[in-house]
Amino acid sequence: MPESENNVEMLLSNKVSWLSDSGPEDDIAISSRIRLARNLEGIPFTISADPERLANTMSAIQVAIRKAGCFNLPLDFNLIKLKELDRKVLLERRLISREFVAERYGAGIVVNRDEDIGIMINEEDHIRIQALKPGFQLREVWEAINAFDDNLGKELPYAFDNDLGYLTSCPTNVGTGMRASVMLHLPGLVLSGQIYAVTQGVSKLGLAVRGFFGEGTENLGNLYQISNQSTLGESEEQIVDRLSTVIRQIIGHEKNARQALLEKKQEFLLNHVGRAYGILRHAYIISSEETLNSLSALRMGVDMGMFSSVDIHTVNELFVIIQPAHLQKYAKKELVSEERDVFRAALVREKLRTIDKNA
Amino acid sequence: MLCKICNKNPATIHIQEIVNGEKKSLHICAECAAKKSQSDPVLQGFNLAEMLYNLSGQIDMTQDEEHKEELSSAEPQNLLVCEDCGWDTAKFRKTGRLGCAKCYQVFREILTSALKNMHRGAMHVGKRPGGENNREAGKLMLEIMNLQKELDELVQREEYEKAAVVRDKINALKNNG
Ligand SMILES: [Zn+2]
Ligand SMILES: [Zn+2]
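Procedures and definitions
- Residues numbered from 1 in each chain as written.
- Chains lettered and ligands numbered in written order.
- Predicted model: local features only at pLDDT ≥ 70, side-chain atom pairs only at ≥ 80, totals over all residues.
- Heavy atoms only, no water.
- Helix = DSSP H or I, 4+ residues; strand = E, 2+ residues; numbered from the N terminus.
- Rg over C-alpha atoms; globule rule 2.2 N^0.38 Å.
- Contact = heavy atoms within 4.5 Å.
- Pairing = 2+ DSSP bridges.
- Axes fitted to C-alpha atoms, helices over the stretch in contact; angles between N-to-C directions.

S.K.: Would you mind showing me how to read the overall build of chain A here?
M.R.: When helices and strands are counted, chain A shows 13 helices and 10 strands. For a compact globule of 359 residues, the expected C-alpha radius of gyration is about 21 Å, and chain A comes in at 21 Å, within 12% of that figure. Dimensions of chain A along its principal axes, counting C-alpha atoms only, are 65 × 45 × 30 Å. Excluding contacts between residues fewer than 6 apart, the proportion of contacts in chain A whose partners are at least 24 apart in sequence is 71%.

S.K.: Honestly, the sheet that holds strand E9 (residues 207-213) of chain A in this entry has me stumped. Any pointers?
M.R.: Strand pairing in a sheet relies on backbone hydrogen bonds. The paired strands run either parallel or antiparallel. All names here are of chain A. Pairing in this open sheet of 8 strands is antiparallel, and the strands run E2-E3-E4-E5-E1-E8-E10-E9 from one edge to the other. Every interior strand has two partners, whereas the edge strands, strand E2 (74-78) and E9, have only one. Averaged over all pairs of adjacent strands, the angle between their axes in this sheet comes to 20 degrees, without regard to strand direction. Pairing of E2 with strand E3 (residues 108-112) involves 5 bridges; the strand directions are antiparallel. In the strand pairing of E3, leucine 75 is matched with valine 111. Here helix H3 (residues 51-68) sits on the sheet in contact with E2, E3, strand E4 (117-121) and strand E5 (127-134), set at roughly 160 degrees to E4.

S.K.: Honestly, the environment of Leu261(A) in this entry has me stumped. Any pointers?
M.R.: Residue and element names in this part refer to chain A. Relative to the helices and strands, leucine 261 is located in helix H8 (residues 236-264). When the C-alpha positions of leucine 261 and serine 192 are compared, they lie 7.6 Å apart, and in sequence the two are 69 residues distant. With sequence-adjacent residues up to four places away left out, leucine 261 is seen in contact with Gly188, Leu191, Gln266, Phe268 and Leu269.

Dropping the structure here:
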């Protein structure tokens, strides 16, 4: 089996560390992520480079990564050598962007075996480093990725301008080239009808709010990603601090909303959570939409101490592994939508049963 | 297609929304999008970079012949071209992307106002790349890249003996450099 394909199998046997490890505030903040965009000096950006140039750039970056020794256990993926299904697995694990699923020449990634840090090569920029940690710890993620970037920067000449900072293909990223984000689970604000006001408020502060699943306004699983938009005129620490202040406030709002539901609408809350658990434990056919929304309810129930036997990290992991590409890899064959719904239900039942046994 | 707000620049950002089951589209330019995203609730929460990116993927599918013509004939008198990478004003407006580092100088005028709208400041105040060894390593990397290119050409011309020599050079640089 070719190396890239082999590495996909290796990832599938992995527990995703940013979902399965504990972190601060991880009842509401699922993960903290930072990505840095970098380009190489004297080489055209990906968008204007010919295929040969892209291939050369990729191998040069791969060499630099090895020499910098910034990964403990690097896994290399040459995306063009992967089947589409395998590229979708990488997307579902948030290791690549949607644009990277399409066939692209000279596109590659290198990720640490733990999936806590990785590099996309020849995406919109030559280099996109991304680092992740469980829970709310943007500062720690920044420290990790900053050191990593220093190491890599010793091996590669970055395109940099004294006034404009790190030069990126899209002017919306120029300066720090940094996008910091925290994924928040906000079922309390959604159930109490406050989510719209909160997301509006966050947007007014110049931060972006996006649903984690689904496009546009449709949001499944009540997972929201809050990130900075501005990359120029503020230092990385300022961006992290400003974002962290807002995240802390949203976490506070979510806690209040949950507490209010518990005090004023207890039956409603118990019914909502209990039904979701019942469906997940006993359904034989379940769509991804219903699964994500039920998992969200179950996760809130676990956070609020209603299910001491269910492990929150298994619930987290289910959010990722019930997606179509993962299901088909586990099933070891292609599945049409109806088949996926059956296979998904079985996987969820099995996972939740295993948890109960361990309790 | 011209921007629906200023009616001046070509629309490079296409936003689609489903309102009461009806599909609505908004076609605007990057400049207006940046201004609008500060004040308009519809655009708030949209990530501008994302919008710009979506555009580059969608434009070929959504555009019919008429629009293609419009774009290619748009403001030919103001057409700036980057000497280093060949990127020009039309490509910049079409994709919202720049072609190389030099483009930041070539398109400085267009960029200055756009950057002001996108960001909280106009000057970089964050981290800077490290010191001298950075340059040395850079030279090594460029050398490897050039050799790689030479190698590809030699293989293509089936000059395998020369190719083997170049390959050894590359390996030596990778291992000892
Ligand atoms: Zn306009
Ligand atoms: Zn250029």
